[in-house]
Amino acid sequence: VELARSGGEDAKEWAAYALAKISAGGFSSNIFEADGIGPLVELARSGSEDAKKWAASALGDLARLADASEAIKEAGGVGALVELVRSDGAHAKVWAAEGLGNLAGHGPAHF
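A brief look at the structure comes next. Position numbers for residues count from 1 along each chain, tracking the sequence in the order it is written. Given that the model is predicted, a residue must reach a pLDDT of at least 70 before its local features are reported, and side-chain atom pairs must reach 80 or more before they are shown or counted; all residues, however, enter totals for whole chains, interfaces and linings. Water and hydrogen atoms play no part in the side-chain values, which are based on all heavy atoms of the structure.

Description of the environment of Gly 79
Each helix is a run of H or I in the DSSP string that is no shorter than four residues. Each strand is a run of E no shorter than two, and both are numbered from the N terminus. Here Gly 79 lies in helix 6 (residues 77–85). Once the C-alpha coordinates of Gly 79 and Val 41 are considered, the two residues, 38 residues apart in sequence, prove to be 9.3 Å apart.

Spelled out as C-alpha cells, the structure:
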C-alpha cells in the first residue's frame, strides 16, 4: 500500500498489480484495513494505463465489502471508475464496470 501511495511510477504499477492479485485472492479486507483504498482510487484516476487497470481490478474486488464500498465512495472512487469505463483501456473498462456493479450491490447510497 505504501508503494501505491508514494512510490515512483514503476513501483506504483507493481503495487497496483500486487494489490489486485491480493484482492483477487480473497484478502480485500487486508487492503481495506491498511488504508489502501485512497491510493488505489488515485491510481485509477491518474496512474499509468497499467496502474489504472490493476487499480480498477483491486477496487472491483474491494467493492464487494460493504465497509470498503463506503470508503471507495468517500474517496471519489465512483467517479474514477466511471472515467475508466469511458476510457480506451479494454481491461480497465471491464474491471471498472465490475467495480461499479459491486458498489451498486450495496444500494444507491454508494453512488
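Now that the structure is up, let's keep going.
Describing the packing of helix 4 (residues 49–62) against helix 7 (residues 90–104)
Structural elements are reduced to axes, namely lines fitted to C-alpha atoms, with helices fitted over the stretch in contact, and the angle between N-to-C directions of any two is expressed from 0 to 180 degrees. Across the interface, helix 4 lies against helix 7 with an axial gap of 8 Å and an inter-helix angle of 20 degrees. Considering the angle they form, helix 4 stands roughly parallel to helix 7. The interaxial crossing formed by helix 4 with helix 7 has left-handed handedness. Every residue of helix 7 that contacts helix 4 at Lys 53, Trp 54, Ala 56, Ser 57, Gly 60 and Asp 61 is listed here: His 91, Ala 92, Trp 95, Ala 96, Glu 98, Gly 99 and Asn 102. In terms of residue class, the contact of helix 4 with helix 7 is made up of five nonpolar, five polar and three charged. Orientation categories follow fixed angle ranges, with anything under 35 degrees roughly parallel, anything over 145 roughly antiparallel, 65 to 115 roughly perpendicular, and all other angles oblique. Handedness of each helix crossing follows the sense of rotation of the near helix against the far helix: counterclockwise by less than a right angle gives left-handed, clockwise gives right-handed. Residues are treated as being in contact if the distance between any of their heavy atoms lies within 4.5 Å. In the scheme used here, Gly and all other residues not listed as nonpolar or charged are polar, with Ala, Val, Leu, Ile, Met, Phe, Trp, Tyr, Cys and Pro taken as nonpolar and Asp, Glu, Lys and Arg as charged.

Structural notes on the pattern of salt bridges
Salt bridge, as applied in this entry: a Lys or Arg side-chain nitrogen positioned within 4 Å of an Asp or Glu carboxyl oxygen. Enumeration according to the criterion identifies seven salt bridges in this entry. Taking the shortest distance from any N to any O, the salt bridge between Glu 49 and Lys 52 comes out at 3.8 Å. Of this pair, Glu 49 and Lys 52 both sit in helix 4, three residues apart, which is roughly one turn of the helix. Residue classification places Glu 49 among the exposed residues on the basis of a relative accessible area of 54%. For Glu 98, the salt bridge is made with Arg 64, and the minimal N-O distance between the two is 2.8 Å. Taken together, the positions of Glu 98 in helix 7 and Arg 64 in the loop between helix 4 and helix 5 (66–74) put the pair 34 residues apart, joining distant regions of the chain. Summary of the burial criterion: residues with accessible area below 20% of their type's maximum are buried, those above 50% are exposed, and those between are partly exposed, where the area comes from a 1.4 Å probe applied to protein chains only.

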